[in-house]
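# Fold and geometry: a report
Here is what each chain is made of, one letter per residue.
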Amino acid sequence: MKYYTNFTEFKELAPFEYVSPTGRVIKGNPELEKSDIYNLDLKYEMFPQRGQLFSATAFYKQIINPINLAQARGSSGNFVYSNTGDEAEVYGVELEAKTDLIKNDDDEGVLNITGNITKMWLKQDLLKDFQYKDITESSLQGASDFIINSSLSYSDKKEKEFIATLTGNYSSDKIFALGSPEDFANSASLYNDEILEKGFVALDLVVSKKLTDNLVVKFVGRNLLNPEIKQTQKVRDLITEIETNQTVLSYKKGSQLTLSVKYTF
């Protein structure tokens, strides 16, 4: 998916269409209005010992004119960025901790672990164009309500330093695109339900070794687990009127392995 550097650039390109790598057509919206976001954060930090950190953060966000990717009405199958509601609210907590597992003779950490956990509650009202089945509120598109990040890092703290860092991330299910009614008069039975992207785990590895004062060898492995990413949608049988969860897209991003050599003159 293409990302834009600022809202003005996005508006200028809004009349155009973008075809994603999965074949979906994502259209801009020249009527889009920018969102205003108000933030409130309260954070507490403590450092029990050298190399240790613990912090707790509570936060609140208010979003005016939230922007979400949503399915367009009709049979085109297109997706459009739209102001889907008047207001959205996000509040949550984040816990972070860091500690040394192994220290050298100078009491400096050579092996340390860092982790943070974020839990969020998300809610937005929906404008009439995005209401169906008497749904007037939803979560925010693209936002997971539970996120875990962790890293394990080793450094031998020598002149010709060897560094290795393994990082992992888990994000829970999130909305890929909001749904929309096919027909306002029959929105209880004619609609495209929201598309959910199932949560998955990602794992990266970075290893570097300084061979001389001028020469460094580095290995980077991205998305090592290469998990299958699934998107599901509730599909309603027009005869039985029974809704079932169906996988509408399943793909893998692939892993990326890079070996580089850097020489500084």
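Quick caveat, the model's predicted, so the values are computed rather than measured.

## Some words on the overall build of the chain
For the chain, the count of helices and strands is one helix and 20 strands. Relative to its 265 residues, the chain shows a buried fraction of 29%. Summed over all atoms, the accessible surface of the chain reaches about 16100 Å², with 54% contributed by carbon and sulfur.

## Considerations on the pairing of strand β11 (residues 162-171)
Here strand β10 (residues 146-155) runs beside β11; their pairing, made up of nine bridges, is antiparallel. Residue pairing across strands places Ile147 opposite Ser171, the latter belonging to β11. The antiparallel pairing of β10 with β11 creates a hairpin that spans six residues between the two strands, and Lys157 there sits at a positive phi of about 60 degrees. The pairing of β11 with strand β16 (residues 200-210) spans ten bridges and is classified as antiparallel. Of the residues in β16, the one forming a bridge with Tyr170 is Val201.

## Thoughts on the environment of Phe54
Note on placement: Phe54 falls in strand β4 (residues 53-64). Under the relative-accessibility criterion, Phe54 is labelled partly exposed at 32%. C-alpha separation for the pair Phe54 and Tyr44, spaced ten residues apart in sequence, amounts to 8.4 Å. Sequence-distant contacts of Phe54, defined by excluding residues within four places in its chain, comprise Tyr44, Glu45, Met46, Leu95, Glu96 and Ala97.

## Side note on unusual backbone geometry
A positive phi angle is found at Asn65, which is not glycine, with a value near 60 degrees. Position of Asn65 relative to the elements: it lies in the loop between β4 and β5 (67-71). Backbone geometry places Lys133, a non-glycine residue, at a positive phi of 50 degrees. The partly exposed category is assigned to Lys133, whose relative accessible area is 26%.

## Things to note about a nonpolar patch on the surface
Residues Leu101, Ile102, Ile113, Leu152, Leu166, Leu224 and Leu257 make up a contiguous nonpolar surface patch of about 570 Å² in total accessible area. By the element assignment, Leu101 lies in strand β7 (residues 87-103).

## Section: the pattern of salt bridges
According to the stated counting rule, one finds seven salt bridges in the structure shown. Through salt bridges with shared partners, a single ionic network connects Lys133, Asp193 and Glu243.

Reading the values: the criteria
Residues numbered from 1 in each chain as written. Predicted model: local features only at pLDDT ≥ 70, side-chain atom pairs only at ≥ 80, totals over all residues. Heavy atoms only, no water. Helix = DSSP H or I, 4+ residues; strand = E, 2+ residues; numbered from the N terminus. Buried < 20%, exposed > 50% of the residue type's maximum accessible area, 1.4 Å probe, protein only. Areas by Shrake-Rupley, 256 points an atom, 1.4 Å probe, with all protein chains shown as cover. Pairing = 2+ DSSP bridges. Contact = heavy atoms within 4.5 Å. Patch = residues over 30% accessible without salt bridge, like charges linked within 9 Å, V, L, I, M, F, W, Y side chains within 5 Å. Salt bridge = Lys/Arg side-chain N within 4 Å of Asp/Glu carboxyl O.

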